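Observations on the model geometry
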Amino acid sequence: MSQNGIKKSKRIFLDTEFIEDGTTIEPLSLALLTESGDCLYIVVTDTDRSKANQFVIDHVIPHLDTDPSVIIREDKLTYLRLQRSEVGSAVLSWVQSVIPSGIPEFWAYYGAYDWVLFCQLFGNMTDLPHEWPRYINDLNQHVTQLQVQLVKVNLGGLPEHHAVADAVIEMVQFQNLTHTFNEHYTKALGVEQRKETK
């Protein structure tokens, strides 16, 4: 908690893989990642995978059970296989363990579907933990506002559309974007950064 009594926030990068038909969104997996490298990966075991479209069949389902420890340290990784009804309480417990005295600040890339799905894991939006935000920060919105491009991230070890891989990429892109943001506003304010000379 800060000195003025306001709880500090801590960024958590979120990615989900899911099945959707324009009416419902059904979870396949979920990853949460902090900037200190703590990671939660959950595979939802009772979603009917036969409802998946061809893209999900080809690019998501084959990788769901890939062990994320190939890119996440095992002592930082919590890997669970749960029924949907169990996911919300597991997420809450994990967030409380990595942010014992703060508020999560959730980030995603094109996160609209991720956020609706995430909220529904707790019930409806009013069932979210009291101090949690009712919105998600979207990297793409910041890219649009800054009129910059995200740096392409090539991540070895896990395929694209694995939730952990995508969460790691989001974190790296955020860090690159923050650097770009600082440079953008430094220039806009007319402040020059000079290298020290001996």
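Note that the coordinates shown come from a computational prediction; the quantities given were computed from them, not determined experimentally.

Buried within helix α3 (residues 112-120) we find Asp114, Trp115, Leu117, Phe118 and Cys119. For α3, the secondary structure elements touched by its buried residues are β1 (9-20), β2 (25-34), α2 (84-98) and β5 (103-108).

It is possible for side chains bearing opposite charge to pair when their charged atoms get close. A complete count under the given rule lists six salt bridges for this structure. Among the salt bridges present, the one from arginine 11 reaches glutamate 35, with a minimum N-O distance of 2.9 Å. One end of the pair, arginine 11, is in strand β1; the other, glutamate 35, is in the loop between β2 and β3 (39-44), and 24 residues separate them in sequence. For arginine 11, a relative accessible area of 27% puts it in the partly exposed group.

Below, the discussion takes up the sheet that holds β3. Pairing between the strands of a sheet is mediated by backbone hydrogen bonds and can be parallel or antiparallel. A sheet is described by the order of its strands in space; here six strands give the open sequence β4-β3-β2-β1-β5-β6, paired in mixed fashion. Taken across any chain shown, the strands that pair with only one partner, and hence form the sheet edges, are β4 (77-82) and β6 (137-138). Pairing analysis gives six bridges linking β3 to β4, with the strands arranged parallel. Bridge pairing in β4 places isoleucine 42 opposite leucine 80. Docked against the sheet, α3 engages β1, β2, β5 and β6, running at close to 95° with respect to β1.

Position of cysteine 119 among the secondary structure elements: in helix α3. The exposure class of cysteine 119 is buried, given its relative accessible area of 5%. For the pair cysteine 119 and arginine 134, spaced 15 residues apart in sequence, the C-alpha to C-alpha distance is 8.6 Å.

With 15 residues, α2 ought to run about 21 Å at 1.5 Å a step, and its terminal C-alpha atoms sit 22 Å apart, in line with that. Considered for burial, the residues of α2 that qualify are Val87, Gly88, Ala90, Val91, Trp94, Val95 and Val98.

To continue, consider the environment of tryptophan 107. With respect to the element layout, tryptophan 107 can be found in strand β5. Looking at tryptophan 107, the relative accessible area reads 6%, which means it is buried. As a C-alpha pair, tryptophan 107 and leucine 14 span 93 residues in sequence and 6.0 Å in three-dimensional space. Setting aside anything within four residues of it in sequence, one finds tryptophan 107 in contact with Arg11, Ile12, Phe13, Leu14, Ile136, Asn137, Asp138, Leu139, His142, Glu170 and Phe174.

Analysis parameters
Residues numbered from 1 in each chain as written. Predicted model: local features only at pLDDT ≥ 70, side-chain atom pairs only at ≥ 80, totals over all residues. Heavy atoms only, no water. Buried < 20%, exposed > 50% of the residue type's maximum accessible area, 1.4 Å probe, protein only. Helix = DSSP H or I, 4+ residues; strand = E, 2+ residues; numbered from the N terminus. Contact = heavy atoms within 4.5 Å. Salt bridge = Lys/Arg side-chain N within 4 Å of Asp/Glu carboxyl O. Pairing = 2+ DSSP bridges. Axes fitted to C-alpha atoms, helices over the stretch in contact; angles between N-to-C directions. Expected span 1.5 Å × (residues − 1).

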